[in-house]
Structure formats: structure tokens, C-alpha cells
Amino acid sequence: MVGDLIRATAPDISSFRFPSRDTGNVRGWDGHLVSEAGGLNVPDGESYWEIKTSKDAWGEGLSDFRKRSSKPSEEERAAATFIFVSSRTWDTFNTDRKIEDWVKLCRGEYAWKNVLCLDAIALDGWLDKCPAVAANFASYTLGLQPQRGARSTDEFWDEFRHMFKPLLIEEVLLCDREREVAQLIEALLRPDGSTAFISDSAEEVIAFGVAAIRTAKPEIRAFLDARTIIVDDMDAARALGDVDKFEPVARRSQEQHAEEGLGMSSSFALAIRSVSVHQATRRCSSLTSGFALPAALRRKRASAAFREARSSA
């Protein structure tokens with residue numbers, strides 16, 4: 001989760017190592033990061049991270065700080081930030097053992113560029129600023145449903161692919177669309193700007209965007225997954241607290257399409273803005289067995305690609 005929060009926050013990461021899941025118990029630092037531009041809870045430059053879950057945040061955190069601080073040289077410490085993360089709320093009756101006291105003590109013992117401490121309260125605020133990470137963590141780690149009207153890329157794809165038998169796979173949806181996929185990924189990796197696609201329904205465009213993200217290189221997918229959330233309506237956007245980021249997706253009327261020679265009735269122009277996939281309206285056809293596949297899926301080549309992809313999956 002901390003790794004995903006960093007990906008969703010730091011705009012420029014040149015080195016990233018946060019062992020997790022099967023590799024979470026490897027020896028060494030819990031995290032090492034080099035970011036040229038910092039963000040919320042992420043300092044600029046080099047930083048070393050220690051993450052603990054025990055109740056004794058003061059004692060265990062101090063023990064880890066001293067053990068880790070004795071290894072780097074004075075020059076290395078002076079150029080890097082030490083960050084201690086506790087998954088628990090830092091709450092104590094001892095007036096001299098607050099977070100500020102812990103940080104002050106550590107700064108006095110070893111001369112790091114800076115020493116920071118984050119507890120559960122800080123993590124909660126961080127998750128609030130990164131809804132894509134929060135939605136994914138709530139569903140797949142805690143087993144809780146995220147806020148209604150907002151879904152992670154994994155949630156959207158799980159729902160979308162089950163509308164087809166056999167289950168839809170990304171390679172079939174992206175068949176004959178290599179140029180568009182490359183164009184989209186390039187646009188998502190830019191710090192700003194938007195890219196518009198037109199299709200018969202909003203779900204088709206969102207599915208294309210999600211499939212493109214899911215088939216990207218692992219490091220690119222991890223970066224985009226942490227910054228992408230599917231927003232189903234403006235109420236959800238308002239609840240997420242930053243409605244301005246969700247505004248530019250407008251439904252286009254049939255008259256507008258006719259004037260522009262697009263020849264698509266009931267079509268949607270869907271903008272994928274910055275590093276988020278946004279849906280402004282859900283006025284689309286009923287998602288039943290009669291749901292229309294994109295044109296590329298109806299081509300003969302798609303059938304061959306489907307068989308090939310299924311056999312190699």
C-alpha cells in the first residue's frame with residue numbers, strides 16, 4: 001500500500017524498491033526511493049523507509065532507526081531522508097513520547113538530511129488524496145467495498161470481462177489497435193493534457209483504456225494503476241473531493257456527430273485526462289448479452305487472436 005501511495009504521489013521516480021507480498025520479508029530496508037520531485041509524504045531526493053505494525057512504535061521504531069542509521073556513511077546520511085511508517089495510530093499518555101519527540105530524538109542522534117514519521121492518521125489522510133489506491137486496497141486487501149460510483153482498474157476489468165463467454169481477455173479487446181494503445185499510454189504518462197476516443201458506449205472506451213494499462217510493461221502498469229480510478233458519476237467525483245479533475249468528459253449529441261461526419265448515433269466522446277480514466281455519464285445501452293463488441297472484435301483476425309491468446313494464457 002505504501003508503495004502504491006508513493007507511485008500515486010511522486011511525479012518523477014528514478015529508483016523504486018519496496019519489497020511486498022512474497023518478497024516482503026527479504027533482508028534490508030523496507031523501501032528505498034529516489035524521486036527528483038517530492039509530493040505529499042514523499043521527499044525529494046533519496047529516502048529510506050522502515051515500516052512496522054507493532055504496538056510499540058516508539059521502542060521498535062527507535063531500535064530500527066539506530067540499527068539502520070549505523071550502516072550508511074555520514075555523507076550518505078546527509079544526502080538522504082529516513083522515514084519511519086507505523087500502521088498504528090500514535091497515541092500515548094506519555095507527554096514526552098509523541099511523534100514530534102521521536103523525530104526530535106532521532107534527529108539528535110544521527111545527522112540525516114531529514115527524519116520523518118508517519119502513523120495511521122497520516123496514512124489515512126494520504127489514502128484520502130489517492131482514491132485509486134484507496135479503492136483497490138479497500139476491495140482486495142481489506143475485503144471492503146469502496147465508495148459507490150468509484151472503481152479501481154482491477155474492479156472495472158473483473159466486472160467487464162464477465163459479460164462475455166468465454167471470459168474476455170485484454171489481447172482480444174486490443175486487437176488491431178497497437179497504435180491507439182501506444183498513443184494512450186504515452187498520453188497517460190504525460191503530466192497533463194487529455195486524449196479523446198469515440199466509441200458506441202462509454203464502457204467500450206473505458207475498457208480499452210483499462211486493457212491498455214493492464215498490458216503495459218509491469219513498471220508502467222503499477223504506476224498507472226496507482227493513479228487511475230473509474231468514476232461513474234459526478235456525485236462520486238464530488239465525494240472524492242476534487243471535482244475539477246473529473247469535469248471535461250462531455251456527452252456529445254447525435255446532431256454534433258452528424259455535423260462532424262462521424263456517423264455514430266448514441267456515441268460518446270470520452271476524455272482520458274492526465275493519469276485517470278473518467279466517465280461522466282452512464283447513459284449507454286443495457287449491458288446484457290446483446291452488448292455490442294467494438295468493430296475490431298468482429299473482424300476475422302480477432303477470432304484467430306482470441307484462440308491464440310486463450311491457448312497461451
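Values in this document were obtained by computation on a predicted structure and should not be read as measured data.

Basis of the calculations
- Residues numbered from 1 in each chain as written.
- Predicted model: local features only at pLDDT ≥ 70, side-chain atom pairs only at ≥ 80, totals over all residues.
- Heavy atoms only, no water.
- Helix = DSSP H or I, 4+ residues; strand = E, 2+ residues; numbered from the N terminus.
- Buried < 20%, exposed > 50% of the residue type's maximum accessible area, 1.4 Å probe, protein only.
- Pairing = 2+ DSSP bridges.
- Axes fitted to C-alpha atoms, helices over the stretch in contact; angles between N-to-C directions.
- Parallel < 35°, antiparallel > 145°, perpendicular 65-115°, else oblique.
- Left-handed = near helix turned anticlockwise from the far one by under 90°.
- Contact = heavy atoms within 4.5 Å.
- Nonpolar A, V, L, I, M, F, W, Y, C, P; charged D, E, K, R; others polar.
- Arc of directions from axis to C-beta.

A. Structural view of the overall build of the chain. For the chain, the count of helices and strands is 14 helices and 10 strands. With 313 residues in all, the chain has 44% of them scored as buried.

B. Spatial organisation of the sheet that holds strand 1 (residues 12-17). If you walk across this open sheet you meet the five strands as 1-2-3-4-5, and the pairing is mixed. Each edge of the open sheet is held by one strand with a lone partner, namely strand 1 and strand 5 (114-118). Taken over all neighbouring pairs, the strand axes of this sheet differ in orientation by 20 degrees on average, direction set aside. Both strand 1 and strand 2 (residues 31-37) contribute to a ladder of five bridges, which runs antiparallel. Residue pairing in the sheet places Phe-16 in a bridge with Leu-33 of strand 2.

C. Summary view of the packing of helix 7 (residues 153-161) against helix 10 (residues 202-214). Helix 10 packs onto helix 7 with a crossing angle of 120 degrees between their chain directions and a minimal axis gap of 10 Å. Comparing the axis directions of helix 7 and helix 10 gives the class oblique. Here helix 7 and helix 10 pass one another in a crossing that is left-handed. Each of Thr-153, Asp-154, Phe-156, Trp-157 and Phe-160 in helix 7 lies in contact with helix 10, whose residues at this interface are Glu-203, Ile-206, Ala-207, Val-210, Ala-211 and Arg-214. Classifying every residue of the contact of helix 7 with helix 10 gives seven nonpolar, one polar and three charged.

D. Just helix 5 (residues 120-129), in detail. All of the buried residues in helix 5 are Ala-120, Leu-123, Trp-126 and Leu-127. Across the axial projection of helix 5, the buried residues extend over an arc of 115 degrees, all falling on one side. Opposite the buried face of helix 5, by more than 90 degrees, sit the exposed residues Ile-121, Asp-124, Asp-128 and Lys-129.

E. Focus on the environment of Ser-86. With respect to the helices, strands and loops of the structure, Ser-86 is situated in strand 4 (residues 80-86). Sequence separation between Ser-86 and Ala-120 is 34 residues, and the spatial gap between their C-alpha atoms is 6.5 Å. Among residues more than four places away in sequence, those in contact with Ser-86 are Lys-52, Ala-57, Leu-118, Asp-119, Ala-120 and Leu-123.

F. Summary view of unusual backbone geometry. With omega at -5 degrees, the peptide bond leading from Lys-165 into Pro-166 counts as cis. Along the chain, Pro-166 falls in the loop between helix 7 and helix 8 (170-173). Of note, the phi angle at Asn-41 is positive, near 65 degrees, even though the residue is not glycine. Structurally, Asn-41 can be placed in the loop between strand 2 and strand 3 (45-52). Even without a glycine there, the phi angle at Asp-176 is positive, about 65 degrees. Secondary-structure assignment places Asp-176 in the loop between helix 8 and helix 9 (178-189).

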